[in-house]
Amino acid sequence: MRFVLALKPSNTSGLVKSLLDVSDPASPNYGNHLTKDQVDQLVAPQPESVQAVTSWLNKNGISPEVYSSAGDLLRFQLPVDQANKLLNANFTGYVHEKTNTTMVRTLAYSLPADVSEHVAFVYPANQFIPPPTRKAEVRVIDRFPAKKRAGSKRADVPPQCAQEITPQCLQAIYNIPATPATAAGNSLGVSGFDNEVANKGDLTDFLSQARPDITNGTFSVQSIDGGSDDGQGTTEASLDIQYTVGVATNVPTTFISVGQQTNDGALEGFLDIITTLTKQDNPPLVLTTSFGFDETPFAEQAPELAETLCNAYAQLGARGTSVLFASGDGGVSGSQADDSCDGSAFLPTFPATCPYITAVGSTQGVNPETAAPFSAGGFSNIFARPDYQSDAVDSYLKTLGDTNAGLFNTTGRGYPDVSTQGVQFVIEVAGQLQGVDGTSCSSPTFASVVALLNDQLLNAGQKQLGFLNPLLYSKGVAALNDITSGSNPGCGTQGFPAAAGWDAVTGLGTPDFQKLLSVVSGGAGDNQAGQGSAGQAGQNATATATGSAGQATGQAAGGAAGKGKKGKGKPKATKQA
């Protein structure tokens, strides 16, 4: 068995404080992102913790490998009988019926008292977090939609965009430029898991129809855990690559393929990818991920595991990475539609509930643009509401009144943060045109907008955007299209309604590139002072991360923690379609 042991970090509060300081447009340190070494110093465990844990492992004949950049995560491999002895456990095979997945777990384990005080968790042990699964909503399309070049105004959106979405539709709807990016040092990362393959031949053929003005569109591949960089294209990877390369014109894009030789068990590479990226000197400036879990198994069994992942995303944000996740496709019933929660509490998704990432929901239609019913949104049962969204969420809760009372945690982090179109995206997979629905259409779309904004900033000698949320919830609100109709049904209810301002279906709304460019250019223009502190303009820094069950315990920038409602006990985890 492969184990990950997390040592307690020395200064998580300092990490979060630094992240918010460099991400708040009102701060004099806005844009002065931290270096890798500065982040590592904040996260590194105390020397006595390292000494106590490594001495204990060494005495048991184990030489652990440092798994993370800051040294707070260790990994080692043991036969089951030796693991039972080391951890005072009884590891046995268990089957998760819903996914037919076998997990080797123990119902309990213990550590020596002089070791336990230094350890956040050992994984896998007694955490039954099922692996991601996905049921993509896919339709066959006979031919590519007719090309009619739109003007730059939203009112000039081609009529066919009401039925099928292409990159040119997104350019028209959101005022996204087709001009190729040119900034040195710009980059965009796309996470892929579970043997997903992005095929370059499919991309070339797709671009020849969707973006004939792009003559050299391509991407590089970074393999983690034996991830594949060859073979027949698959739906999720094709979608993510075709709507990053096809929208973020000429931004260097990397498909980060996580294979099945993982070191983090049923997390299926979520820890592996983030530890790999935090070790890099130059991780991507924007990272989009269309995979996720239901939050409930983490809240009920292992909130410390979710917090470790979330803090890892904060590390990337502090270094200047914009980390985006699809919010999920089950409305208020989680990552995928599921009637098992009917009559009980709503099921949030993770990592969308992490306060240090930008969660992206979905919309549909053009005039008007409305909430897509599958767009997952709600409130975390682990992470408290961060200060940056406090006013916006409080206003929504007042509008909501008694609707859904008792079905969600009123003090939890609200999600999603923003949204984009997410219905009937045209893609090409293995030579076949398909139409795809899901928030995994939306996350790469918003990530592409961010990458193109970074291009403008870097070319002007300014700094990349980094962690987006403090900007979005302040100056950014005026540059977003507010979505006020629709809802996200689930759990036997109509879910949350869209409303003026932030809502738990579409967040703050959808992007207008030109308005966002005006906002970020004005804000970034004030950032040239103080370049000599923690970061430098154009620095390549980005990437993709304890408490009792159901209790909001996250360090969410001063948000108040509160008791959360539990969903049904069946854990599940999924990838967004």
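Chemist: Can you break down the overall build of the protein residue by residue, with the values?
Modeler: For the protein, the count of helices and strands is 15 helices and 24 strands. With the model as given, the accessible surface of the protein reaches about 19600 Å², and the carbon-plus-sulfur share is 47%.

Chemist: Go over helix H1 (residues 12-23) with me, naming the residues and quoting the values.
Modeler: Across its twelve residues, H1 extends 17 Å between first and last C-alpha, which sits within 8% of the 16 Å expected from 1.5 Å per residue. For H1, the full list of buried residues reads Thr12, Gly14, Leu15, Val16, Leu19, Leu20, Val22 and Ser23. Buried-residue contacts for H1 involve helix H2 (36-43), helix H11 (303-318) and helix H14 (469-472).

Chemist: With reference to specific residues and values, describe the pattern of salt bridges.
Modeler: Applying the stated criterion across every chain yields a total of five salt bridges. Close ionic contact of arginine 211 with aspartate 213 constitutes a salt bridge, the shortest N to O distance being 2.7 Å. What makes arginine 211 buried here is its relative accessible area of 1%. Across the pair aspartate 394 and arginine 385 runs a salt bridge, and its minimum N-O distance is 3.2 Å.

Chemist: Got a sec to walk through the confidence of the model for the protein? Specific residues and values, please.
Modeler: Looking at the protein, pLDDT values average 88 and 87% of them are 70 or higher. Predicted confidence is poor over residues 523-575, with pLDDT under 50, and the contacts of this stretch with residues over four places away or in other chains come to 203 contacts.

Chemist: Go over the side chain of serine 362 with me, naming the residues and quoting the values.
Modeler: Locating serine 362 in the fold gives a position in strand E15 (residues 358-364). In this structure the side chain of serine 362 is engaged in a polar contact, spanning 3.5 Å, whose partner is the backbone oxygen of glycine 438. If we ignore the near neighbours within four places in the chain, the residues touching serine 362 are Ala371, Ala372, Phe374, Ser375, Ser419, Thr420, Gly422, Gly438, Thr439, Ser442 and Thr506.

Chemist: Please give an account of the packing of helix H8 (residues 235-245) against helix H13 (residues 439-459) that cites residues and values.
Modeler: Packing of H8 against H13 brings their axes to within 8 Å, and their N-to-C directions diverge by 25°. With respect to their mutual orientation, H8 and H13 come out roughly parallel. Once H8 is placed against H13, the crossing between them reads as right-handed. Between H8, through Glu236, Leu239, Asp240, Tyr243 and Thr244, and H13, the contact on the second element is made entirely by Ser440, Cys441, Pro444, Thr445 and Ser448. Here the contact of H8 with H13 is built from residues that sort into four nonpolar, four polar and two charged.

Chemist: Describe the packing of aromatic side chains, listing the residues and the values that go with them.
Modeler: Going through the model one piece at a time under the given rule, you end up with 20 aromatic pairs. Ring pairing ties together the aromatic residues Phe193, Phe270, Phe291, Phe293, Phe298, Phe350 and Phe383, which thus form one cluster. Note that lysine 200 overlies the ring of phenylalanine 219, its terminal NZ or CZ placed 5.3 Å from the centroid.

Chemist: Pulling in residues and values, what's your account of the pairing of strand E1 (residues 2-7)?
Modeler: In terms of burial, E1 is a largely internal element, five of the six residues being buried. Relative to strand E3 (residues 73-77), E1 runs antiparallel, the two sharing five bridges. Counterpart to valine 4 in the pairing with E3 is arginine 75.

Chemist: So what about the state of the cysteines? Which residues, and what values?
Modeler: Under the counting rule described, the total for this entry stands at three disulfides. Between cysteine 161 and cysteine 169 runs a disulfide, and the two sulfur atoms are separated by 2.0 Å. Around the S-S axis, the bridge from cysteine 161 to cysteine 169 shows a dihedral of about -85° and counts as left-handed. The disulfide that involves cysteine 310 links it to cysteine 354, with 2.0 Å between the sulfurs. Across the S-S bond linking cysteine 310 and cysteine 354, the dihedral sits near 80°, which makes this disulfide right-handed. One end of the pair, cysteine 310, is in helix H11; the other, cysteine 354, is in the loop between strand E14 (349-350) and E15, with 44 residues separating them in the sequence. Cysteine 310 gets classed as buried once you look at its relative accessible area, which sits at 1%. Judged by relative accessible area, which is 0%, cysteine 354 ranks as buried.

Chemist: With reference to specific residues and values, describe the environment of glutamine 421.
Modeler: Among the structural elements, glutamine 421 can be located in strand E19 (residues 418-421). A relative accessible area of 2% means that glutamine 421 is categorised as buried. Residues glutamine 421 and alanine 371, 50 residues apart in the sequence, show an inter-C-alpha distance of 8.9 Å. Ignoring any residue separated from it by four or fewer positions in sequence, one finds glutamine 421 in contact with Ile165, Leu170, Ile173, Tyr174, Thr363, Gln364, Gly365, Glu369, Cys441 and Ser442. A distance of 2.6 Å separates a polar side-chain atom of glutamine 421 from the backbone oxygen of glycine 365.

Chemist: Give me unusual backbone geometry: which residues, what numbers.
Modeler: Look at the link from phenylalanine 350 to proline 351: it is a cis peptide, with omega at 10°. With respect to the element layout, proline 351 can be found in the loop between E14 and E15. The omega torsion of the bond from asparagine 367 to proline 368 falls at 10°, within 30 degrees of zero and hence cis. Along the chain, proline 368 turns up in the loop between E15 and strand E16 (370-371). We note that aspartate 194 has phi near 60°; this positive angle belongs to a residue other than glycine. Tracing the backbone shows aspartate 194 in the loop between strand E8 (188-192) and helix H7 (200-210). With a phi close to 55°, glutamate 268 is a non-glycine residue in the positive phi region.

Chemist: Describe the sheet that holds E3, with residues and values.
Modeler: Ordered in space as E2-E3-E1-E6, the four strands form an open sheet in which the pairing is antiparallel. Each having just a single partner strand, strand E2 (65-66) and strand E6 (119-123) make up the two edges of the open sheet.

Chemist: Lay out the packing of H1 against H11 with the relevant residues and their values.
Modeler: Two elements in contact, H1 and H11, have axes whose closest approach is 9 Å; the angle formed by their N-to-C orientations is 40°. On the basis of their axis angle, the class for H1 and H11 is oblique. Considering the relative orientation of H1 and H11, their crossing is left-handed. Residue-level inspection shows Thr12, Leu15, Leu19 and Val22 of H1 in contact with H11, the latter providing Asn311, Ala314, Gln315, Gly317 and Ala318. Residue classes in the contact of H1 with H11 are distributed as five nonpolar, four polar and no charged.

Chemist: Now, about helix H12 (residues 390-400): what can you tell me, with residues and values included?
Modeler: Here H12 has its buried residues at Val393, Tyr396, Leu397 and Leu400. End-on view of H12: buried residues confined to an arc of 100°, all on one side of the axis. Exposed side of H12, more than 90 degrees from the buried face: Asp391, Lys398 and Thr399 are the residues found there. Elements in contact with the buried residues of H12: strand E17 (378-384). Glycine 401 sits one or two residues past H12 and shows a positive phi near 60°.

The rules behind these values
- Residues numbered from 1 in each chain as written.
- Predicted model: local features only at pLDDT ≥ 70, side-chain atom pairs only at ≥ 80, totals over all residues.
- Heavy atoms only, no water.
- Helix = DSSP H or I, 4+ residues; strand = E, 2+ residues; numbered from the N terminus.
- Areas by Shrake-Rupley, 256 points an atom, 1.4 Å probe, with all protein chains shown as cover.
- Expected span 1.5 Å × (residues − 1).
- Buried < 20%, exposed > 50% of the residue type's maximum accessible area, 1.4 Å probe, protein only.
- Contact = heavy atoms within 4.5 Å.
- Salt bridge = Lys/Arg side-chain N within 4 Å of Asp/Glu carboxyl O.
- pLDDT = per-residue confidence, 0-100.
- Polar contact = N/O pair within 3.5 Å; in protein donor to acceptor, adjacent residues only side chain to side chain.
- Axes fitted to C-alpha atoms, helices over the stretch in contact; angles between N-to-C directions.
- Parallel < 35°, antiparallel > 145°, perpendicular 65-115°, else oblique.
- Left-handed = near helix turned anticlockwise from the far one by under 90°.
- Nonpolar A, V, L, I, M, F, W, Y, C, P; charged D, E, K, R; others polar.
- Phe/Tyr/Trp six-rings, centres within 6.5 Å; stacked < 30°, edge-to-face > 60°.
- Lys NZ or Arg CZ within 6 Å of the ring centre and 35° of its normal.
- Pairing = 2+ DSSP bridges.
- Disulfide = S-S within 2.5 Å.
- Arc of directions from axis to C-beta.

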